[in-house]
Amino acid sequence: MSLNHPRRNENSKVSAVFIISAPSGSGKSTLVSRLFANVPGLTFSVSYTTRLPRGSECDGKDYHFTTREDFEARVKRGEFLEYADVFGNYYGTHSGVLERARGEGKDLVLDIDVQGAGQLKRKLPEAVTIFVLAPSRQVLEQRLRARGEDREAVIDRRLADAAREIRNYENYDYVIINDSLERSAETLSAIVYAERVRRIRIEESIRPILDTFEVKESLR
Ligand code: ADP
Ligand code: 5GP
């Protein structure tokens, strides 16, 4: 069955904002790339970071890679909507991302940590927050090992960090327990489609429809 959904509300000036957080290894990157493959009309917020690029990561696509000096100068100039120190590196969301998404007529997806999500939700209360949770600590450990990116000490630290981070699930609107990848990817798409038809987001598309009824009424 294909998901029955209306076209994106082109009249709407305000983009929906989706904030996705998860402890490392929970499957967030995998789910976000599925989301982009499955759902049109989305744009990804490319963050600034002071960490070094990994593997095939591209400057400007995965992150804007920069120095601590440059990052701190941007903080002083008030360029970030939110920023945080994550695992000893700075990460931040540039305030231009919202304007760009709006200009493109797209909804914005942010992959940011629990600290950044908290800061952003205070500034943008209408943002939709989604937390991805591995089904158990054991499964998280298996996934971190299977990914083959981290050394043993790093895996241990990521597991300890996960134990702390998962306590923040209560601050999120949605929690996806990432057991079956297919089901979780479908759930994430469904959240986006459902949020797009919230009444407050489609008010501008509803009014012209109501007007067509009023015209008919006045002709009677
Ligand atoms: P994150 O971005 O949260 O750090 P990744 O997307 O890199 O996590 O996923 C971690 C590892 O787990 C990857 O090897 C990925 O292929 C695998 N993975 C993700 N989701 C699932 C799932 N539902 N079932 C099994 N393996 C998964
Ligand atoms: P990684 O280095 O593995 O790409 O990301 C590490 C963590 O930083 C992840 O939890 C990711 O969600 C988070 N992160 C990425 N960009 C931002 C950002 O702009 N702001 C905040 N607060 N966290 C971010």
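Since the structure is predicted, the reported quantities are computational estimates derived from the model, not experimental observations.

In spatial order, the strands read β2-β7-β1-β8-β9; together these 5 strands make up an open sheet with parallel pairing. Of all the strands in the sheet, the pair left with one neighbour each is β2 (42–44) and β9 (174–177). On average, each strand axis in the sheet is tilted by 25 degrees relative to the strand beside it, whichever way the strands run. Pairing geometry for strand β8 (residues 128–133) and β9, over 4 bridges, is parallel.

In terms of nonpolar packing, the biggest core is built from 19 residues, with Phe18, Ile20, Leu35, Ile130 and Leu188 touching the most fellow members. Contributing elements (two or more residues each) for this core: β1 (17–21), α1 (28–38), β8 and α7 (181–196). Counting residues per element, this core draws most heavily on α7, at 5 residues. Non-local contacts of Leu35, meaning those with residues more than four positions away in its chain, are made with Leu42, Val109, Leu188, Ser189 and Val192. Judged by nonpolar contacts, the second largest core, of 16 residues, contains Val17, Ile19, Leu110 and Leu120.

What follows covers the side chain of Ser15. By the element assignment, Ser15 lies in the segment before β1. Taking relative accessible area as the criterion, Ser15 reaches 10% and is therefore assigned buried. A polar contact is formed between the side chain of Ser15 and the backbone oxygen of Lys106, at a distance of 2.6 Å. Excluding its chain neighbours within four sequence positions, the residues that come into contact with Ser15 are Ala101, Arg102, Lys106 and Asp107.

Attention now moves to unusual backbone geometry. Keep in mind that most residues, glycine aside, have a negative phi and that most peptide bonds are trans. Phi at Phe87 takes a positive value of approximately 50 degrees, unusual for a residue other than glycine. Considering the arrangement of structural elements, one finds Phe87 in the loop between β5 (80–86) and β6 (89–94).

Near ligand 2 you find 15 residues, and of these Ser47, Arg51, Tyr63, Tyr91 and Asp111 are the closest. A distance of 2.6 Å separates an oxygen atom of ligand 2 from a polar side-chain atom of Arg51. Between ligand 2 and Asp113, the relevant distance is 2.7 Å, taken from a nitrogen atom to a side-chain nitrogen or oxygen of the residue. Here ligand 2 loses 90% of its free accessible area of 520 Å² to cover by the protein chains. By residue class, the composition of the shell around ligand 2 is 5 nonpolar, 4 polar and 6 charged.

Rules used in this analysis
- Residues numbered from 1 in each chain as written.
- Chains lettered and ligands numbered in written order.
- Predicted model: local features only at pLDDT ≥ 70, side-chain atom pairs only at ≥ 80, totals over all residues.
- Heavy atoms only, no water.
- Pairing = 2+ DSSP bridges.
- Helix = DSSP H or I, 4+ residues; strand = E, 2+ residues; numbered from the N terminus.
- Axes fitted to C-alpha atoms, helices over the stretch in contact; angles between N-to-C directions.
- Core = buried A, V, L, I, M, F, W, Y, C linked by side-chain atoms within 4.5 Å.
- Buried < 20%, exposed > 50% of the residue type's maximum accessible area, 1.4 Å probe, protein only.
- Contact = heavy atoms within 4.5 Å.
- Polar contact = N/O pair within 3.5 Å; in protein donor to acceptor, adjacent residues only side chain to side chain.
- Near = heavy atom within 4 Å.
- Areas by Shrake-Rupley, 256 points an atom, 1.4 Å probe, with all protein chains shown as cover.
- Nonpolar A, V, L, I, M, F, W, Y, C, P; charged D, E, K, R; others polar.

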